[in-house]
Amino acid sequence: MLHTLFNPKSVAVIGASAKELSIGNRIIKNLVEFGYKGAIYPINPGSATIRDIKAYPTIADVPGPVDLVHIVIPNKFVPDAIADCGKKGVKFVIVNTAGFKEVGGEGEKLEEAIIARAKEYGIRIFGPNCQGIINTDPALKAYCNFTFTRPEEGHISIVAQSGGVAEVINQRFSELGVGIRMYASNGNACDISISDVLEYWADDEKTRVIVVYVEGLPEPKRFMETLKKVAAKKPVLAMKAGRTEEGAKAASSHTGGLARKEIATELIFEKAGAVTFRDEEELCQAAVAFASQPIPKGKRVGLITNTGGPAIIATDELVDAGLEIPPLSEKAKAFLKDKLYAAASINNPIDVIATAGAPHFRAAVDAMMQEPQIDSVYINFVTPFFVDNESIARELVAVNKAGIKPIICNLMTDKRQWTEVIRILKEGGIPFYSFPETAARALVAMTRYNDLCARKTGEVKKFSDVNITKAEALINNAKKSGKEYLSAAELYELLSLYGIPVAGWGTAKSAEEAEKTASKIGYPVVVKADAESIVHKSDMGGVAVNLADANALKAAVSKMKEKFGTVPDLKFFIQKFLPGGREVIVGAKSEGELGHLVLFGLGGIYVEVLKDVSFGITPITGYEADKMISSIKTSKLLTGYRGQKPVDQKILAEILQRVSQLVSDIPAIQEMDLNPIMAFEDKALVVDARIKI
Ligand code: ADP
Ligand code: MG
């Protein structure tokens, strides 16, 4: 659908200017100097030529068809310019001009106006307030952009809302001597979205890896679905827009406070299978590897080195990230025995030693390629003056050509001296790095992508024992009565309708009723003050636990009556006392179109002091629920540590999935906190909940 935008045969610039330091001049200059193969039409009523190219007074005066138009004139003239393009039959317009939605007020209205005009004429808008696109295809060389870095041809495509981020990434690849395929920075993205661009690149054969940076997501659901499809086809490397810790900080208050947009973006990436980064440099370095190497099929690395220290550093980095460095097979050892120097270490890492030449390196790489229990090859290559380094590089390239397993090289050299080695590796498609950590991290990223592709996130389980009709009726009734929060009776009823296990309970208005209820539940019990205005019950003296008998219950009730006597509609919530469990929290918060964010963590001080929580987006699969539980830092406390009993993680995972189903079925639930759920070895029961509708 976006083919013409990225492959225009002719480009016009409305607002082309003779002024050297203007966008209207720069775009023409970029097209010419990048070697654009199509026709260029500067549009300017006051000039006969711009940069020696014939100019036209209006777009209507251009003799042939126009595939793509840049609009760089002041904002208030843009709607009419779009209409002019429409009359000319133009299908794609890049609005570089700023002063639209991003400035609010008038600008917002102008943006609506250009959208309306574009719809009228069937034009797709890229921007406004954007840089534009680049296509490095040698048959086209389209530089429809006013930025300045001139990329080489390659296999990495970059898309970012922010022109600054896109350009910085583009520059880095340029500095690294690595080419790119296409580039898109769409600014306000009033029409053509990042999802549209991703969809287009998914089918672009020459794009082997996509780099994406997003800030806001106007259509999060579509973005997630698109990303999922694209990431299954080719690696998508994404920048995280925020930090989980930030969100967790807010978690100490309530689930409602924690669900920040950044967390959602991060979770979207994760759920869709994009490889995420927190650092642009690391992302760029990884992209270089993705662009030329096959994806490792597993996490077992074969290390080859001609120097000691960097092998240790690389090992640390790889093992820290969960990769493995398995020992060599006897067969491989036998193969290498006469081929390496006597002083070499035949193991994993293989230390070929500094005097190793091309045949030694070749034997080591061949051995790793033949080892069935090795998935990728990491090479430390220092360039000693006493060996023929060019020949070593050529041997590595020869093996790499076969493309059996990915090869990553940490090239420790003076890059100004060993230019030939660099040229050979570069042309031979072996990614090389300046530090062992950098090389190792690139390999880790590729392995992560393989893990993401291989993971079985599973189907969403639909529990059939739930009662959606009754649950909806309950919520509608509560809504009708104008409530913001469900009463205790309502919410425990609601949880039960969705099969979420709750501690035995009942409500009472008086001490006598409380006694009756308690004897049905069975002592010991807990009594809690129940009224809409009482939020943090225990802080206000509204929770009395471990009431062993009727006397203790009566005393607790009368104490609460004293304390909360003035509270209207005060009730007493009687509940089974459940000592000795682990307190965990499960929460949910509506994220509008996207669904709900679901939270899991240990309750009590673990949430408040350690901010130790994990998140998911509905619908939560069994795989995701297990992962949420196992990914909190204190997960060991759930598995039975040092004589403590483990808790029933299966039931916790089921509760997460049932909560996911409940909030998906009833999106009117804005926020929900089950805090705490008492988890035991064989059961888990909710003892406190809050639900906002
Ligand atoms: P709130 O969060 O409004 O202060 P809770 O109902 O969560 O009130 O009670 C506070 C604490 O009291 C819980 O975190 C838990 O430690 C304890 N508690 C509450 N109900 C029970 C129960 N049924 N069995 C055991 N402990 C309980
Ligand atoms: Mg509580």
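Note that this is a predicted model, so its numbers are computed, not measured. (Residues numbered from 1 in each chain as written. Chains lettered and ligands numbered in written order. Predicted model: local features only at pLDDT ≥ 70, side-chain atom pairs only at ≥ 80, totals over all residues. Heavy atoms only, no water.)

Student: Any chance you could break down the coordination of the magnesium ion (ligand 2) for me, citing the residues and the numbers?
Tutor: Around the magnesium ion (ligand 2), the protein contributes the donor atoms Asn 675 (O) and Asp 688 (OD), at 2.1 to 2.3 Å from the metal centre. One end of the pair, Asn 675, is in strand E27 (residues 671–679); the other, Asp 688, is in the loop between strand E28 (684–686) and strand E29 (689–692), with 13 residues separating them in the sequence. (Donors = N, O, S within 2.8 Å, 3.2 Å for Na, K, Ca; no water. Helix = DSSP H or I, 4+ residues; strand = E, 2+ residues; numbered from the N terminus.)

Student: Tell me about the environment of Ala 142, and name the residues and values.
Tutor: Here Ala 142 is to be found in strand E9 (residues 142–144). Residue Ala 142 is classed as buried on the basis of its relative accessible area, which comes to 0%. Here the alpha-carbon distance between Ala 142 and Met 182, two residues 40 residues apart in the chain, equals 9.5 Å. Sequence-distant contacts of Ala 142, that is, excluding residues within four places in its chain, are made with Pro 8, Phe 34, Tyr 36, Ile 133, Ile 134 and Asn 135. (Buried < 20%, exposed > 50% of the residue type's maximum accessible area, 1.4 Å probe, protein only. Contact = heavy atoms within 4.5 Å.)

Student: Could you give me a rundown of the domain arrangement of the protein chain, with the residues and numbers involved?
Tutor: Here the protein chain is partitioned into domain 1 (1–133), domain 2 (147–292), domain 3 (294–454), domain 4 (458–502 + 579–693) and domain 5 (504–577). With centres defined by C-alpha atoms, the gap from domain 4 to domain 5 works out at 24 Å. Counting residues at the interface gives 13 residues for domain 4, matched by 11 residues for domain 5. Summing both partners gives a buried area of about 970 Å² for domain 4 against domain 5, and 57% of it is carried by carbon and sulfur. Seen at the junction of domain 4 and domain 5, the total is 1 salt bridge. (Domains from an automatic or database assignment. Buried area = accessible area lost by both parts, 1.4 Å probe. Salt bridge = Lys/Arg side-chain N within 4 Å of Asp/Glu carboxyl O.)

Student: An account of the side chain of Glu 111 is needed here, citing residue identities and associated values.
Tutor: Among the secondary structure elements, Glu 111 is positioned in helix H4 (residues 105–121). Comment: no salt bridge for buried Glu 111; closest opposite-charge side chain is Lys 101, at 5.2 Å. Here Lys 101 takes part through its backbone nitrogen, which lies 2.9 Å from a polar atom of the side chain of Glu 111. (Lys, Arg positive; Asp, Glu negative; His and termini not counted. Polar contact = N/O pair within 3.5 Å; in protein donor to acceptor, adjacent residues only side chain to side chain.)

Student: Talk me through the environment of Leu 318; I want residue IDs and the actual numbers.
Tutor: Along the chain, Leu 318 falls in helix H12 (residues 309–320). A residue is classified by how much of its surface remains accessible, and Leu 318, at 0% relative accessible area, is buried. Taking the C-alpha atoms as reference points, Leu 318 and Pro 436, separated by 118 residues in sequence, lie 10.0 Å from one another. With sequence-adjacent residues up to four places away left out, Leu 318 is seen in contact with Val 301, Leu 303, Leu 323, Ile 325, Ala 440, Leu 443 and Val 444.

Student: Go over the sheet that holds strand E20 (residues 505–508) with me, naming the residues and quoting the values.
Tutor: If you trace the 4 strands from one edge of the open sheet to the other, you get E20-E23-E21-E22, paired in antiparallel fashion. Both edges of this open sheet fall to E20 and strand E22 (543–547), since each of them pairs with a single strand only. Looking at each pair of strands side by side, their axes are set apart by 20 degrees on average, direction ignored. In this structure, E20 lies alongside strand E23 (residues 571–576), joined through 4 bridges in antiparallel fashion. Bridging across to E23, Ala 508 finds its partner in Phe 572. Across the sheet, helix H19 (residues 488–497) touches E20, strand E21 (525–530) and E23, and the angle it forms with E20 is around 160 degrees. Here helix H21 (residues 550–564) sits on the sheet and contacts E21, E22 and E23; the angle it forms with E21, its principal contact strand, is near 15 degrees. (Pairing = 2+ DSSP bridges. Axes fitted to C-alpha atoms, helices over the stretch in contact; angles between N-to-C directions.)

Student: Describe the site of ligand 1, with residues and values.
Tutor: Around ligand 1 sit 17 residues, and of these Lys 528, Lys 537, Ser 538, Lys 576 and Glu 583 come closest. At 2.4 Å, a side-chain N or O of Ser 538 approaches an oxygen atom of ligand 1. In the environment of ligand 1, an oxygen atom lies 3.5 Å from a nitrogen or oxygen atom belonging to the backbone of Asn 675. Of all the secondary structure elements, the ones that give two or more residues to the shell around ligand 1 are E21, E23 and E27. (Near = heavy atom within 4 Å.)

Student: Now, about the packing of aromatic side chains: what can you tell me, with residues and values included?
Tutor: In total, this model carries 11 aromatic pairs according to the counting rule given. With centroids separated by 5.1 Å and ring planes inclined at 75 degrees, the aromatic side chains of Phe 34 and Tyr 143 adopt a geometry described as edge-to-face. Taken together, the positions of Phe 34 in helix H2 (residues 23–34) and Tyr 143 in strand E9 put the pair 109 residues apart, joining distant regions of the chain. As far as burial versus exposure is concerned, Phe 34 and Tyr 143 are alike and both buried. For the pair Tyr 492 and Trp 505, a centre-to-centre distance of 5.8 Å together with 35 degrees between the ring planes defines the contact as tilted. On the criterion of sequence distance, the pair formed by Tyr 492 in helix H19 and Trp 505 in strand E20 is long-range, its members being 13 residues apart. Of the aromatic side chains, those joined through ring pairs into one cluster are Phe 6, Tyr 200 and Trp 201. When the ring centre of Phe 335 is taken as origin, the NZ or CZ atom of Lys 339, which lies over that ring, is 4.1 Å away. Positioned above the aromatic ring of Phe 277, the side-chain terminus of Arg 448 is 5.4 Å from the ring centre. (Phe/Tyr/Trp six-rings, centres within 6.5 Å; stacked < 30°, edge-to-face > 60°. Lys NZ or Arg CZ within 6 Å of the ring centre and 35° of its normal.)

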